[in-house]
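An overview of the molecular structure
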Amino acid sequence: MYIIVAGGGKVGHYLTRALIKAGHEVVLVEKDSGRASYLQEELGDVVIRGDACEVRTMRELGMERADIVIAITGDDEDNLVICQMAKRLFNAPRTIARVNNPQNEDIFHRLGIDNTVSSTKIIFNLIEQQIESDEVIPLAPLMRGNIEIVEVDLGPDSPVVGKTIPNVHLPKDALIITIVRDGHAILPNIDVELKQGDTVIALVNADKEAELREVFA
Amino acid sequence: MNIIILGCGRIGSTLATAMSRDGHDVTVIDRNSDAFRRLGPEFRGRTVIGNGIDEDILKKSDIEHADAFVAVTNGDNTNIMSVQIAKEKFNIPRVIARIYDPIRACAYRELGIETICTTVIGARLIKDFLLGREWGMAKDYCVIKDDQLLI
């Protein structure tokens, strides 16, 4: 695959190196000439000095044949414009933007950017998983965080211990995906009885997470 | 009209002062509080310090009740992004971005965003003047009377 990486900060630098190692054809564009020369010494010919928001640079990079354009600079406005121009003028099939302010994820999606990555949000979610004090732990956000996959460890005081699944009154739009017992996944059939020490993996609308917590905790 | 102007440089401050003098409600946003010194004595509007692509700052500027949004910072991409937020998220009916790069200005105009490219306008005016063509209309925008800039 031909991948264009715009922005030669630390993330762009190490990402480019990893992509090259994975066997992809990669070009890294960096605006600052000093930084670009440093990156050229580190990574070689794959580094081009230029402003990825400029159409001239985009042509020079051969953007029309890029499979993926990744905009990973530290400025959200630049990342947005790079991806929009790549799509609009060069029909880039896939654009990925780094979003520094997590609040901007929504507008990026609305404006047609295929994927966004917010390191702030990822780190925040990881921390939240670690410090969540009660038993419902968010594992993965889906659909921009509107739906969550959560994990519930059943302690001795859980009101659902000893109940079969049809007798667990889940909130509307929540679904038990699987039950993990002794390291094995059990299909959540109607005759499965929940036991202390079970881990229940469930799918739930993010706004119903509190209700789900009340059912299990 | 309730109008928000992002960027208090030469264009932003001149426009803000003129609109305020004409009786409109004007809010000017700039990252740098020093920039507000450019506003003329007739400016009666509000100033907000902050980043114009931050939705919290836009809300603080009461964007929810604005009729128009103008982005005239010196960063093309900031202007492009902020007008798209104003249009998409806050449904502001009239938005316009000043963009220096002519190609970007055209590309976004095709996407349905009003853009004004001062680079092209300036170059075209000077070219028309050099070639002896009609250029008076835009020239007449700049009139100074009694030490006051009239626009």
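None of these values were measured; they are calculated from a predicted model.

Right, let's get into the sheet that holds strand β5 (residues 94-98) of chain B. All names here are of chain B. One open sheet holds the six strands; their spatial order is β3-β2-β1-β4-β5-β6, and the pairing between them is parallel. Each of the sheet's edge strands pairs with one partner strand only, and the pair in question is β3 (46-49) and β6 (114-116). The mean angle between the axes of side-by-side strands here comes to 20°, regardless of whether they run parallel or antiparallel. Summarising the sheet, strand β2 (residues 25-30) and β3 pair through four bridges and their orientation is parallel. Across the sheet, the residue bridging to T27 is R46, located in β3. Of the strands in this sheet, β1 (2-6), β4 (68-71) and β5 are in contact with helix α3 (residues 76-88), which crosses β5 at around 175°.

Bringing the interface of chain B and chain A into the picture now. Listed by partner, the interface residues are 15 residues for chain B and 15 residues for chain A. Elements represented by at least two residues in the side of chain B that touches chain A include exactly α3 and α4 (102-110) of chain B. Among the elements that take part in the side of chain B that touches chain A, α3(B) stands out by supplying seven residues, more than any other.

The next thing to look at is the nonpolar core. Core analysis: the largest hydrophobic core is formed by 67 residues, its most contacted members being I4(A), V69(A), I82(A), I5(B) and F69(B). Top element by residues in this core is helix α4 (residues 76-90) of chain A. It accounts for six residues. Among the nonpolar cores identified, the runner-up in size contains twelve residues, and V136(A), V150(A), V200(A) and F216(A) belong to it.

With that settled, consider the domain arrangement of chain A. According to the domain assignment, chain A contains domain 1 (2-122) and domain 2 (134-216). Taking only C-alpha atoms into account, the centre of domain 1 of chain A sits 39 Å from that of domain 2 of chain A.

A few words on unusual backbone geometry. Positioned with a positive phi, N91(A) is a non-glycine residue whose angle comes to about 50°. Locating N91(A) in the fold gives a position in the loop between α4 and β5 (95-98). One non-glycine residue with positive phi stands out, namely N91(B), at about 50°. Using a count of 10 C-beta atoms within 10 Å as the deciding quantity, one classes N91(B) as exposed.

Calculation criteria
- Residues numbered from 1 in each chain as written.
- Chains lettered and ligands numbered in written order.
- Predicted model: local features only at pLDDT ≥ 70, side-chain atom pairs only at ≥ 80, totals over all residues.
- Pairing = 2+ DSSP bridges.
- Helix = DSSP H or I, 4+ residues; strand = E, 2+ residues; numbered from the N terminus.
- Axes fitted to C-alpha atoms, helices over the stretch in contact; angles between N-to-C directions.
- Contact = placed C-beta atoms within 7 Å.
- Core = buried A, V, L, I, M, F, W, Y, C linked by C-beta atoms within 7 Å.
- Buried ≥ 20, exposed ≤ 12 C-beta atoms within 10 Å, placed from the backbone.
- Domains from an automatic or database assignment.

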